[in-house]
Amino acid sequence: MSPKYEQIIMIFKGGYNLLSISESMASCVSILLGDRCPSIPPINAKPKAYESIRNVIKTHKKYWSCLKFDEKLPNCEFVKKFKSERKQKNNSATENSYTLRSRNKPKENEIVEQEQLKISEAISNIPEVPSESSEANDFDLLSAFSVIPLTFCPHLSELNSNPDPRLIDVNRPCFKCNSIKENWICLSCFECGCSRFVSEHMLEHHDSTQHPMVLSFSDLSVWCYICESYVHNDMLTQVKQMAYKSKFG
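Residues numbered from 1 in each chain as written. Predicted model: local features only at pLDDT ≥ 70, side-chain atom pairs only at ≥ 80, totals over all residues. Heavy atoms only, no water.

### Focus on the overall build of the protein
- On a plain count of helices and strands, the protein comes out with 7 helices and 5 strands.
- The 249 residues of the protein split such that 25% are buried.
- Taking as baseline every contact in the protein between residues at least 6 positions apart, the subset at least 24 positions apart corresponds to 53%.
- Of the roughly 18200 Å² of accessible surface on the protein, 55% is carried by carbon and sulfur atoms. (Helix = DSSP H or I, 4+ residues; strand = E, 2+ residues; numbered from the N terminus. Buried < 20%, exposed > 50% of the residue type's maximum accessible area, 1.4 Å probe, protein only. Contact = heavy atoms within 4.5 Å. Areas by Shrake-Rupley, 256 points an atom, 1.4 Å probe, with all protein chains shown as cover.)

### Some points on the packing of aromatic side chains
- Under the defined criterion, the tally for this structure stands at 2 aromatic pairs.
- Seen from their ring centres, Trp-223 and Tyr-230 are 4.9 Å apart, and the 75° between their planes marks the pair as edge-to-face.
- The class for Tyr-230 is partly exposed, based on a relative accessible area of 21%.
- Here Tyr-244 and Phe-248 contribute two aromatic rings whose centre-to-centre distance is 4.7 Å and whose plane-to-plane angle is 50°, an arrangement assigned as tilted. With Tyr-244 and Phe-248 both in helix H7 (residues 237–248), this residue pair falls 4 residues apart, about one helical turn. (Phe/Tyr/Trp six-rings, centres within 6.5 Å; stacked < 30°, edge-to-face > 60°.)

### A closer look at the pairing of strand E3 (residues 213–216)
- Side chains Met-213 and Leu-215 project from E3 onto one buried face, and the interleaved Val-214 and Ser-216 project onto a second face that is buried too.
- One ladder, built from 3 bridges, connects strand E1 (residues 183–186) with E3; its direction is antiparallel. Note that in E3 the partner of Cys-186 across the bridge is Val-214.
- Inspection of the sheet shows E3 paired to strand E4 (residues 222–224) by 3 bridges, in the antiparallel sense. Among the inter-strand pairings, Val-214 is bridged to a residue of E4, identified as Trp-223.
- In this antiparallel pair of consecutive strands, E3 and E4, the connection spans 5 residues, and Leu-220 shows a positive phi of 65°. (Pairing = 2+ DSSP bridges.)

### Brief notes about the nonpolar core
- Grouped together as the largest cluster of nonpolar side chains are 20 residues, with contacts concentrated most on Leu-187, Met-213 and Leu-215.
- The set of elements that each furnish at least two residues to this core consists of E3, E4 and H7.
- Here this core gets 3 residues from one element, more than from any other, and that element is H7.
- Among all residues touching Leu-215, those that are not within four sequence positions of it are Asn-183, Trp-184, Ile-185, Leu-187, Leu-220, Ser-221, Val-222, Val-239, Lys-240 and Ala-243.
- Judged by nonpolar contacts, the second largest core, of 6 residues, contains Trp-184, Met-202, Val-214 and Trp-223. (Core = buried A, V, L, I, M, F, W, Y, C linked by side-chain atoms within 4.5 Å.)

### Regarding the sheet that holds E4
- Taken in spatial order, the 5 strands of this open sheet run E2-E1-E3-E4-E5, and their pairing is antiparallel. Of all strands in the sheet, those with a lone pairing partner are strand E2 (192–194) and strand E5 (229–230), marking the two edges.

### What about the environment of Ser-27?
- Along the polypeptide, Ser-27 turns up in helix H1 (residues 18–32).
- For the pair Ser-27 and Cys-37, spaced 10 residues apart in sequence, the C-alpha to C-alpha distance is 8.5 Å.
- Polar side-chain contacts of Ser-27 include one of 3.0 Å to the backbone oxygen of Glu-23. (Polar contact = N/O pair within 3.5 Å; in protein donor to acceptor, adjacent residues only side chain to side chain.)

### Re the pairing of E1
- Here E1 shows no split at all, with Asn-183 and Ile-185 on one side and Trp-184 and Cys-186 on the other all buried.
- Relative to E2, E1 runs antiparallel, the two being bridged by 3 bridges. Note on E2: the bridge partner recorded for Trp-184 is Gly-193.
- Connecting E1 to the next strand, E2, in antiparallel fashion are 5 residues, including Phe-190 with a positive phi near 65°.

This is the structure in C-alpha cells:
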C-alpha cells in the first residue's frame, strides 16, 4: 500500500448483515492492496434503485469532481440490451456500454488525480495527538463506535414460530398513529408500531405486553427491548427473509 494511503479510514453502513459487511471489508482491503477491482455483472434493478442513484449523483456531484462525468444511467431494460449485444458479438469479451465508470478521458482523469492528491495531502497534514496510553485509547475508540449484535438472546424462545407473510408488510402503518415513516413489527404478535424517533408506539406496545423482540422495516435489524441489544441469530432468518421480500421484491 502506498504510504500516502496509510491513514485511510473506511466506514461501512447498512443494516446488520454480518456476512455482507465482512465481504465488503475484505473486498475494499483487497483493492487497496493492489488487486484488480472485480466487474459487476448486469443487475435488473428496480426503477426506484436507479432513481436513488441519480439523486445521489445529482446531490454530490457539485462536491466531488469525479462524479462530474456525462455518463447516463441505464434504464430498467438495460439487462436485455446487454444480453443482446453479447449475443450479436458471439459471446466475445465486450465492455458493458452502460457502465457508470468514466471512459478514461484525460481531462476527467486529471481532475480525479487532483482530488486524490488533495485528499492525501489533507490526511498527511493531520497532526498526531500524543498519548501516554495509545493502546488503551485505541480500544476505547473501537468500543465507542462499534455495534455488536448478540448472537444469542434468551428471549428468542418468545418468537412466533408461524409468521404470516401478509403481516410482514413493510408498508403497514403504525397501529396507533398510522405513520409509515419508521416502523417496527413485534415478533411475538406481529403488531406494527412506529419507532421512538416518531411517536414511540412500538415501545409503548412492549411496555404494555412485554413482548421482547421487534424487527425494523427500515434496515431489517432485530432489537430486544429486555436485553437492550440488537440480535443476529439463525432463528430470525425466516421472518427477515419475508421482510426482505416485502421491501425489495
